[in-house]
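Notes for the structure review
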Amino acid sequence: VASARVRRNRTIVGIIGGVVVLAAIIAVAVLVLPSILPSTPASTHTSAAGTGTSTPTESTPTPTPTPTFDKQAFSNTDPSSDWVIVNKQNPLNPKNYAPPLVPLNLPGVKGDMRPEAAAALQQMFADYKAQSGAQLTVVSPYRSYNTQVSTYAGWVSRLGQAQADRQSARPGFSEHQTGLAVDIDTAVSEAFGQTPAGIWLAQNSWKYGFVVRYQQGQEAITGYEYEPWHFRYVGIPLATELKNDGFPSLETFFGYPAAPNY
Ligand code: DAL
Ligand code: ZN
């Protein structure tokens with residue numbers, strides 16, 4: 001009888017012990033984990049994504065700008081501003097705007113860009129060469145209004161207007177006309193994004209002030225298909241901010257409406 005009582009007592013102690021351990025695990029899960037795990041902050045930011053066709057989901061938290069970043073520091077409308085937004089709803093003003101330019105000082109490259117963008121591009125190319133041994137190529141830097149007339153017309157005759165409008169800007173609506181945009185490397189195709197150069201540029205171009213302007217899945221906002229070769233100079237502070245906070249487009253960051261169409 002005595003040993004049966006001891007066994008029963010041990011069983012009771014075992015059950016109580018198990019319950020205590022279980023309660024401790026639940027308490028840790030409820031009280032401690034939420035403060036350790038990263039939370040998705042409630043956004044006060046008016047996202048252009050809200051006006052587009054894509055809906056933010058749990059897996060793509062709405063990016064939030066660093067509170068100390070001054071979004072008003074430079075103009076989004078002056079075509080001579082490094083922060084100018086040019087898209088199908090925001091042409092250059094005036095439409096035939098021509099920026100100050102310098103010739104690119106790169107081997108085998110003919111073409112111009114704004115001075116600050118040219119200097120940044122040259123440094124980026126030099127660093128890529130030093131790190132990889134390979135030379136990046138410029139396909140198309142600054143294009144004037146008149147050059148864009150023939151560039152766009154060429155795409156329309158090749159693809160028809162509807163498809164051309166998904167990848168080529170109409171004259172007066174191209175970032176290339178600001179002198180701040182450049183198409184890099186010979187493979188002007190989506191596959192460029194998966195090449196060593198495309199991957200390196202996507203990961204490192206922000207350090208030089210460039211952004212991949214037309215990112216994958218952003219056509220409803222930017223108006224253009226994924227263009228892993230098209231880099232837009234915005235300066236290092238803004239490029240860093242966009243990179244750190246995960247903003248996929250200038251429109252989203254500055255709260256501009258989506259610009260899928262003219
Ligand atoms: N390919 C870009 C959208 C341009 O033509 O400016
Ligand atoms: Zn381009």
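See above for the structure.
My aim in this report is to walk through the structure given alongside it, one point at a time. Nothing here was measured: the structure is a model prediction, and the numbers come from that model.

The rules we used
Residues numbered from 1 in each chain as written. Chains lettered and ligands numbered in written order. Predicted model: local features only at pLDDT ≥ 70, side-chain atom pairs only at ≥ 80, totals over all residues. Heavy atoms only, no water. Near = heavy atom within 4 Å. Polar contact = N/O pair within 3.5 Å; in protein donor to acceptor, adjacent residues only side chain to side chain. Areas by Shrake-Rupley, 256 points an atom, 1.4 Å probe, with all protein chains shown as cover. 1 Å grid on protein atoms, 1.4 Å probe; cavity = no way out; pocket = protein on both sides within 12 Å on 5 of 7 lines; lining within 4 Å. Sits in = over half its atoms within 2 Å of the grid points. Nonpolar A, V, L, I, M, F, W, Y, C, P; charged D, E, K, R; others polar. Pairing = 2+ DSSP bridges. Helix = DSSP H or I, 4+ residues; strand = E, 2+ residues; numbered from the N terminus. Axes fitted to C-alpha atoms, helices over the stretch in contact; angles between N-to-C directions. Parallel < 35°, antiparallel > 145°, perpendicular 65-115°, else oblique. Left-handed = near helix turned anticlockwise from the far one by under 90°. Contact = heavy atoms within 4.5 Å. Salt bridge = Lys/Arg side-chain N within 4 Å of Asp/Glu carboxyl O. Buried < 20%, exposed > 50% of the residue type's maximum accessible area, 1.4 Å probe, protein only. Donors = N, O, S within 2.8 Å, 3.2 Å for Na, K, Ca; no water. Expected span 1.5 Å × (residues − 1). Arc of directions from axis to C-beta. Phe/Tyr/Trp six-rings, centres within 6.5 Å; stacked < 30°, edge-to-face > 60°. Lys NZ or Arg CZ within 6 Å of the ring centre and 35° of its normal.

Some points on the site of ligand 1
Residues in contact with ligand 1, as listed here, are Arg143, Gln148, Gln167, Ser168, Ala169, Ser174, His176, Tyr214, Tyr224 and Glu227. Side-chain polar atom of Arg143 to an oxygen atom of ligand 1: 3.3 Å apart, as the coordinates give it. Gln148 is positioned such that a nitrogen or oxygen atom in its side chain is 3.4 Å from an oxygen atom of ligand 1. Look at ligand 1: alone it shows 220 Å² of surface, and the protein chains cover 96% of it. Here ligand 1 is seated within the second largest pocket. Taken together, the residues that form the shell around ligand 1 break down as three nonpolar, five polar and two charged.

Some thoughts on the sheet that holds strand β3 (residues 138–140)
Pairing in this open sheet of four strands is antiparallel, and the strands run β3-β4-β6-β5 from one edge to the other. Single-partner strands in this sheet number two, and they are β3 and β5 (210–214). With direction set aside, neighbouring strand axes in the sheet form an average angle of 45 degrees. Across three bridges, the pairing between strand β4 (residues 181–184) and strand β6 (residues 227–233) is antiparallel.

Let's talk about the packing of helix α2 (residues 115–132) against helix α5 (residues 196–204)
Orientation of α2 relative to α5, taken along the N-to-C sense of each, is 125 degrees, at an axis distance of 12 Å. Viewed along their axes, α2 and α5 adopt a mutual orientation that is oblique. Considering only the axes of α2 and α5, their crossing is right-handed. When α2 is examined against α5, the residues Met124, Tyr128 and Gln131 are found in contact with a partner set consisting of Pro196, Ala197, Trp200 and Leu201. In terms of residue class, the contact of α2 with α5 is made up of six nonpolar, one polar and no charged.

A word on the pattern of salt bridges
In this structure the tally under the stated criterion is eight salt bridges. Of the charged contacts, one joins Glu175 and Arg232 as a salt bridge, the two residues approaching to 2.8 Å between their closest N and O atoms. Placement of the pair is Glu175 in the loop between α4 (161–164) and β4 and Arg232 in strand β6, with a sequence separation of 57 residues. The buried category is assigned to Glu175, whose relative accessible area is 1%. Take Arg232: its relative accessible area is 0%, and that puts it in the buried class. Salt bridges here are not isolated pairs; linked through shared partners, they connect Glu175, Arg213, Arg232 and Glu251.

Here we look at the side chain of Ser140
The topology assignment puts Ser140 in strand β3. Within the structure, the side chain of Ser140 is placed 2.7 Å from the side chain of Arg143, a separation counted as a polar contact. Aside from chain neighbours lying at most four places away, what touches Ser140 is His176, Ala181, Val182 and Asp183.

So, the coordination of the zinc ion (ligand 2)
Octahedral metals with six donors have ideal donor angles of 90 or 180 degrees. Tetrahedral metals with four donors have an ideal donor angle of 109.5 degrees. The coordination sphere of the zinc ion (ligand 2), as far as protein atoms go, consists of His176 (NE2), Asp183 (OD) and His230 (ND1), spread over 2.0 to 2.1 Å. Mapped onto the sequence, the donors of the zinc ion (ligand 2) take the spacing H-x6-D-x46-H. Given the relative accessible area of 2%, His176 is considered buried.

Here's the deal with the environment of Gly223
Structurally, Gly223 is set in the loop between α6 (219–222) and β6. If we skip the residues at most four places from it in the chain, Gly223 touches Lys88, Asp165, Arg166, Gln218, Ala259 and Pro260.

A look at α2
Taking 1.5 Å per residue as the helical rise, α2 with its 18 residues ought to reach 26 Å, and the 26 Å between its terminal C-alpha atoms agrees with that figure. Among the residues of α2, those classed as buried are Ala117, Ala118, Ala120, Leu121, Met124, Phe125 and Tyr128. Buried residues of α2 fall within an arc of 165 degrees about the axis and therefore sit on the same side. One or two steps after α2, the chain reaches Gly133, where phi turns positive at roughly 85 degrees.

Regarding the environment of Trp229
When you line up the elements, Trp229 lands in strand β6. The buried category is assigned to Trp229, whose relative accessible area is 10%.

Focus on the packing of aromatic side chains
Enumeration over the complete set of coordinates arrives at eleven aromatic pairs. Aromatic rings pair up to connect Phe69, Phe74, Trp83, Phe247, Phe253 and Phe254 into one cluster. The ring centre of Phe253 lies 4.6 Å from the NZ or CZ of Lys71, which sits over that ring.

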